[in-house]
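Structure at a glance
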Number of protein chains: 2
Amino acid sequence: MKAALVVVAVWVGVSGVMGGNPQVKPTVGQVWPSPQMQQPNKTYVIVRPETFKFTTTGHDCDILRNATQRYMKIMFPTKGSRRSPIQPWSKTEAFTGYLDEVTINLMAPCEEKPYHDMDEHYQIKIDSPDAQGTGTIMAQSIWGILRGLETFSQMLIPDGSAFMVNSTQIMDFPRFGHRGLMLDTSRHYLPVAVLKENLDLMAMNKFNVFHWHLVDDQSFPYVSTAFPNLSKLGAYTERHIYTPANVAEIVEYARLRGIRVLPEFDTPGHTQSWGPGQPGLLTPCYTGSTPSGTFGPINPINEDNYNFLKDFFTEVTTKRFTDHYVHLGGDEVSFGCWESNPNITAYMAEHNITGDYSKLEQVYITKLLDVIAHLPNKNGYLVWQEVFDNGVKIANDTIVHVWKGGSKASEEMNKVTKAGYQTILSSCWYLNYINYGVDWHGYYDCDPTDFKGTDAQKQLVLGGEACMWGEYVDRTNLIARTWPRASVVAEKLWSAFDQTQSTDAATPRLEEHRCRLLGRGYGVEPLWPSFCEADI
Amino acid sequence: MKAALVVVAVWVGVSGVMGGNPQVKPTVGQVWPSPQMQQPNKTYVIVRPETFKFTTTGHDCDILRNATQRYMKIMFPTKGSRRSPIQPWSKTEAFTGYLDEVTINLMAPCEEKPYHDMDEHYQIKIDSPDAQGTGTIMAQSIWGILRGLETFSQMLIPDGSAFMVNSTQIMDFPRFGHRGLMLDTSRHYLPVAVLKENLDLMAMNKFNVFHWHLVDDQSFPYVSTAFPNLSKLGAYTERHIYTPANVAEIVEYARLRGIRVLPEFDTPGHTQSWGPGQPGLLTPCYTGSTPSGTFGPINPINEDNYNFLKDFFTEVTTKRFTDHYVHLGGDEVSFGCWESNPNITAYMAEHNITGDYSKLEQVYITKLLDVIAHLPNKNGYLVWQEVFDNGVKIANDTIVHVWKGGSKASEEMNKVTKAGYQTILSSCWYLNYINYGVDWHGYYDCDPTDFKGTDAQKQLVLGGEACMWGEYVDRTNLIARTWPRASVVAEKLWSAFDQTQSTDAATPRLEEHRCRLLGRGYGVEPLWPSFCEADI
């Protein structure tokens, strides 16, 4: 293989600069997020859809078979929907042969399901030693193979009825182990089909955690078999729900794409929708000495509630979700209702915490964490930053989810890691906050390790999550508003620090990636004045 | 008919307030935009899809036949997509009979195409004198009949396999004659199918002007037969275009819905994409004494350009578009390039306007207006406010389009009308400016006549337009981002002043309307945490 550090794609002509007005010129055949190491060559091979196939050496499993079938469809859509890139490839490289086969070499047995810190390394080699293209995707884990397949699919450059692929060697792995995207299915219901579409896009951007904020004040779409009244009385309607079969379908769909599903059941606040289905759970608010008929956060002084939580989370972690982790929420607890309730007041006096409602919150969280610590599967957990901020005693391996401060979360990241806790960052990646104009630069300029702290502290940063809260999104605008803005976060979390320092350099690559996703059939929105072949 | 001023729909139960958290409760069977006069009755009739039909007394024409067929499909979609309202109707009214027929009484011959200030009055009477429902939609013009059909379709309340309709009398007409929505097909191309979808939604909100900002700096998708190079070299690609057949299709689709298509060809600025296809049109910019290779606004001192403009606008107004009006743009002319050009400098010295570039702009606009004044069809025109602001002499019947100042455009509205010009307002209705949160209150609180001025001045306010500039929208997000936010503007422009003073009162009606549009198959976005039957 004649390795040479040349630029893979050289731009030609002004075909994309019509009207005399400079447009963003997309790259051709560049991979998003950027691989850690990529060595292009001065030759290219041609892939013909009719003859191309994936073959498997080494280990095999259902995830692999499903993935190769899936990527054949992604790479070779029906002729009608095939799109040529608007910027032609320069073809300064030499054609050296046809690539009729890519060998997938999984070097260790398949793991059954994705998990935190799973191995996602992979290598790709495309070459043509004897006027015949050869290609290999190899990895120690099925998760690496999945990432490699996505990368390979992005290297194909449509050329008439075939595809060109640069003879490239890639060695790739993620910078961070936790690369998440959070969706909220309480403020608006999101159909299963939309969640799947989002999982497709997550896989195409190498995200590996779908953080599912299932329930909140507004509605309780999650169906619990043990407590069916929660959704029966808490969902918007009896059709706005996720049945056990729906959840299983989502978990399986994600598993096949190397994506963990991290369920969140946020307590003690954000729980209004739990109330009707579980009498006694929420704190009755008082007006003077009489209950007002409204309710506040979970009632921390009702001991029955901890039995309920034990049974509820046991079902969640043993019968519905398969991930080791569960997100326990813990954010934004408002104290007004607790303050109004005379029984709470009496309890606090008795326990010498009168007036200190964050101490009361601590009572609740401490008991909840005790419930979680004794779950059958010994699950790990994440909490929103307030739980740490309020000084609640949390397990050493708790992951603290930092969300406050917008682009100024470095102080909190420093504090959390100084205290020895693992952390993930979302503050700068609240995609629901929309603005007129170009807003992705802020996402790209944000880095989870950009805080004062020791190397040991930085090691505790597991990654981050883009969040799309659901107040103003539903099936009509979720995909367009989330993507490709989440792609920007995906690259920050996957690619090397040095590769993600310039929005200028990212722009033409992001343009190609956006048109790629649009061409694959996903309604991802434009980021600037632009055009794609798939516009029409 | 026993008329009584009762509230048509009374809300029942808490079926929409699950989770104990107050949600916006949609109205049931309320019309958006609100009719000028509506007198509900204490009885209701039932419409059965199998037996219902429209009949015609009075005049008939293709527009009417097309409309009744269209509304049968809108009112009675295939069973699979039928949705019941989530809030049941209270049925405190008495059932009095089946409504098997609505008579359409068009009292004057059909006009061929919609035009400015066309008559849009209509009346609807639903009654049941002899245990048999009777219904009439009557109007002096086909345009009124179209508006009445939309209103009637919104009065149907799904009830099992049939529909309930309150025995209502409505007399309705628009507050303003110019109720427009502007789309920009230059920054991003919008497929014809999306433009049609938008026209559907416009008709469902009683808009009557589609202001089509066809071309701009970024691309020139409009195909001119006389000057084919404009799109050939100025469109994004040879597929990102609107052929004469496409334009005819859009104009006809709009005509059948009582919507005028107002084409805008914005000059002398915003014309970068015109340059490659029409050498000599744009001003060459200079670096020192040599041309820099870049171009500025249309070159006002090249006399050939006025012949070009004459031929170009003649084609536009005689062969492509049928409306009496054309929008001539005239906004945001930047002077930098003119300043750099020595020939321009010499011309200005010669004409004693050295240094005063708005005078030069005035030279251009004056000559352009002379071209327009001599077009074969003697078209009227609109201009953006700068043309007025810069003191250009414009025809007395020019319509000045006010767009600056956001919510503070009243000073400009006062000035324009004081000078005796007709005007339309867009400043507060730039839908492309998005923000996180609830932003429609600002649209609803804005009123085109909210400025200091005499009654005679207010009479010069023809209405307004919602604008969706295209920098950040294309087929993926245009419909969701434009609607139902444009619906808010639609009501401000149609309904009586007194009826549109409270966002609180509008909220449950807007919620019903949004779910209605969603249920009809349009991907219109949510405005707050909510749910619709059509979510799933």
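Sequence order sets the numbering: in each chain, residues are counted from 1 along the sequence as written. Starting at A for chains and at 1 for ligands, labels are handed out in the order in which the entities are written. Under the rules for a predicted model, residues below a pLDDT of 70 receive no local features and side-chain atom pairs below 80 are neither given nor counted, while totals for whole chains, interfaces and linings still include all residues. Heavy atoms from the whole structure form the basis of all side-chain values; hydrogens and water molecules are not counted.

Residue and element names in this part refer to chain B. Pairs of cysteine sulfur atoms within 2.5 Å are identified as disulfides in what follows. All told, the structure shown has eight disulfides over all chains when counted by the stated rule. The disulfide partner of Cys-285 is Cys-337, and the S-S distance across this bridge is 2.2 Å. One disulfide, between Cys-285 and Cys-337, carries an S-S torsion of -110 degrees and so falls in the left-handed class. Pair noted here: Cys-285 is in strand E14 (residues 282–287) and Cys-337 is in helix H7 (residues 336–340), with a separation of 52 residues, a long-range link. In this model Cys-515 forms its disulfide with Cys-532; the gap between the sulfur atoms is 2.0 Å. Here the disulfide of Cys-515 and Cys-532 is left-handed, its torsion about the S-S bond being about -75 degrees. In this text, helices come from DSSP runs of H or I with a minimum length of four residues, and strands from runs of E with a minimum of two, each type numbered from the N-terminal end.

Residue and element names in this part refer to chain B. Here four strands make up an open sheet; going across it, the order is E4-E2-E9-E8 and the pairing mixed. If you trace the sheet from one side to the other, it starts and ends with strand E4 (94–98) and strand E8 (157–159), each paired once. This sheet shows a mean twist of 35 degrees between the axes of neighbouring strands, independent of strand direction. Pairing between strands requires that DSSP locate at least two bridges from one strand to the other. Here strand E2 (residues 43–47) pairs with strand E9 (residues 162–166) via four bridges, running antiparallel. Bridge pairing in E9 links Tyr-44 to Asn-166. Axis lines are fitted through C-alpha atoms, for helices just across the contact stretch, and the angle between N-to-C directions can take any value from 0 to 180 degrees.

Whether two aromatic rings pair depends on their centres lying within 6.5 Å, for rings of Phe, Tyr and Trp, where Trp uses its six-membered ring; planes under 30 degrees apart make the pair stacked, over 60 edge-to-face, and the rest tilted. Tallied over the entire structure, the rule returns 80 aromatic pairs over all chains. Between A:Trp440 and A:Tyr444 the ring centres are 6.0 Å apart and the planes differ by 75 degrees, which places this aromatic pair in the edge-to-face class. Remark: A:Tyr444 and A:Trp440 occur in helix H12 (residues 440–444); sequence separation between them is four residues, near one turn of the helix. We classify A:Tyr444 as buried; its relative accessible area is 1%. Ring geometry for B:Trp440 against B:Trp528: centres 6.0 Å apart, planes inclined by 55 degrees, an arrangement best described as tilted. Of this pair, B:Trp440 sits in helix H12 (residues 440–444) while B:Trp528 is found in the segment after helix H16 (503–519), placing the two residues 88 residues apart along the sequence. Burial classification: accessible surface area is computed with a 1.4 Å probe over protein chains only, and a residue below 20% of its type maximum counts as buried, one above 50% as exposed, and the rest as partly exposed. A relative accessible area of 0% means that B:Trp440 is categorised as buried.

We now examine the packing of helix H8 (residues 342–350) of chain A against helix H9 (residues 357–373) of chain A. Residues and elements named next belong to chain A. At a closest axis distance of 11 Å, the pairing of H8 and H9 adopts a crossing angle of 85 degrees. By the angle between their directions, the pair H8 and H9 is classed as roughly perpendicular. Taking contact as the criterion, the partners of Ile-344, Tyr-347 and Met-348 in H8 are, on H9, Tyr-357, Leu-360, Val-363 and Lys-367. The residue inventory of the contact of H8 with H9, partitioned by class, reads six nonpolar, no polar and one charged. Small angles under 35 degrees read as roughly parallel and large ones over 145 as roughly antiparallel, with 65 to 115 read as roughly perpendicular and the rest as oblique. Contacts: residue pairs with any heavy atoms within 4.5 Å of one another. In this count, Pro and Cys sit with the nonpolar residues alongside Ala, Val, Leu, Ile, Met, Phe, Trp and Tyr, while Asp, Glu, Lys and Arg are called charged and the others, Gly among them, polar.

This part covers helix H5 (residues 244–255) of chain B. All names here are of chain B. For H5, spanning 12 residues, the distance from its first C-alpha to its last is 16 Å, which sits close to the expected 16 Å at 1.5 Å a residue. For H5, the set of buried residues is Asn-246, Val-247, Ile-250, Val-251, Tyr-253, Ala-254 and Arg-255. On its buried face, H5 sits against helix H1 (62–75), helix H2 (142–155), helix H3 (192–204), strand E12 (209–213), strand E13 (260–264) and helix H6 (304–320). How far a helix is expected to stretch is found by multiplying one less than its residue total by 1.5 Å.

Superposing the copies works by least squares over the C-alpha atoms of residues that have pLDDT at least 70 in both of them. Take chain B, turn it by 180 degrees, move it 0.0 Å along the axis, and it overlays chain A with an RMSD of 0.0 Å. Such a combination of rotation and displacement between the chain copies is what one expects of a two-fold axis. Of every C-alpha in chain B, the one belonging to B:Asn435 sits nearest the axis of rotation, 2.5 Å from it. Interface overlap between copies: 100% of the residues of chain B at the interface are likewise at the interface in chain A, consistent with a symmetric, same-surface contact.

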